[in-house]
Amino acid sequence: MRKPWEQAHPAETAAGNPTPSFDGYLTNGNFEAGTTGWQSAGAGTFAVVADNPNDPDTNHTAELTTGSPVSITAQLATTPDTIFIIQWEATFLDGDGVLDVLLNGISLGPIFATQSDTANLLQVAVDDERFGGLTDAELSFLFDAAEADKRLHLDNIIIIATDQPFSESTGEVLMPAPAPIAILIVGVVAILSRKMGRQRQG
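Residues numbered from 1 in each chain as written. Predicted model: local features only at pLDDT ≥ 70, side-chain atom pairs only at ≥ 80, totals over all residues. Heavy atoms only, no water.

**Student:** Whenever I open this one, the side chain of Thr61 confuses me. Can you help?
**Tutor:** Secondary-structure assignment places Thr61 in strand S3 (residues 60-65). Among the polar contacts listed, one links the side chain of Thr61 to the side chain of Asn59, at a separation of 3.4 Å. (Helix = DSSP H or I, 4+ residues; strand = E, 2+ residues; numbered from the N terminus. Polar contact = N/O pair within 3.5 Å; in protein donor to acceptor, adjacent residues only side chain to side chain.)

Structure follows, in structure tokens:
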């Protein structure tokens, strides 16, 4: 069942069609084709679960469970050649843990657990031109918590190209919006890269 903010994908028009979604950059960001296109790592577990197993048209979600850090990674077909946004939905089912989003192994900023069972629509703006127009980029989600068996649901992961060239980057970091389903823009790669560079020099 489509969420209000989801973009329509032609592959999903037929009821129960397991064909992976494709937004031009990422395949199966909605996990309707199970784990297709995603590789997991770490001692935790990765599974795709159905909201309602008795409904053939039900929504499917990735479930990450900690044991130690657990991550999932997908290969992008390419990355936009303009400033772009990585958007996804996350639910910290136990109200605990930290999620890190990485592009080619570089962290885009940690996201700490919100209220349990509260869905959050999250975004990261990528405005570093080093990540534009890549054909070998990997997108990863890394979840960890202080205790084992903490669960995170991920869904509706998409890449959104903007019409702003990288040269128009402002380096601004936007904070969470006060809404029931929060829109969170976390981290800007350029700022993080500079910060990491200063730490290495120190």
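So, next bit.
**Student:** Whenever I open this one, the side chain of Thr73 confuses me. Can you help?
**Tutor:** Inspection of the secondary structure puts Thr73 in strand S4 (residues 70-75). You can call Thr73 buried: its relative accessible area is 18%. Of the polar contacts made by the side chain of Thr73, one reaches the side chain of Ser140; its length is 2.7 Å. Excluding residues that lie within four positions of it along the chain, Thr73 makes contacts with Gly37, Trp38, Gln39, Glu138, Leu139 and Ser140. (Buried < 20%, exposed > 50% of the residue type's maximum accessible area, 1.4 Å probe, protein only. Contact = heavy atoms within 4.5 Å.)

**Student:** Please clarify how the pattern of salt bridges should be interpreted in this entry.
**Tutor:** Side-chain pairs of opposite charge can arise whenever the charged atoms involved come near each other. Here the structure, examined in full by the defined rule, presents three salt bridges. When the shortest N-O distance is used, the salt bridge between Asp128 and Arg130 registers 2.8 Å. (Salt bridge = Lys/Arg side-chain N within 4 Å of Asp/Glu carboxyl O.)

**Student:** Is there a simple way to think about the sheet that holds strand S7 (residues 106-112) in this case?
**Tutor:** What holds strands together in a sheet is hydrogen bonding between their backbones, with the strands either parallel or antiparallel. Pairing within the open sheet is antiparallel, and its five strands lie in the order S1-S4-S9-S6-S7. A single partner strand is all that each edge strand has here, and the edge strands are strand S1 (38-42) and S7. The mean angle between the axes of side-by-side strands here comes to 20°, regardless of whether they run parallel or antiparallel. Bridge count for S1 against S4 is five bridges, and the pairing is antiparallel. Across the sheet, Gly42 pairs through a bridge with Val70, a residue of S4. (Pairing = 2+ DSSP bridges. Axes fitted to C-alpha atoms, helices over the stretch in contact; angles between N-to-C directions.)

**Student:** Any chance you could explain unusual backbone geometry here in plain terms?
**Tutor:** Trans is the prevailing form of peptide bonds, just as negative phi is the prevailing case for residues other than glycine. Despite not being glycine, Phe31 shows a phi value in the positive range, around 60°. Along the chain, Phe31 falls in the segment before S1.

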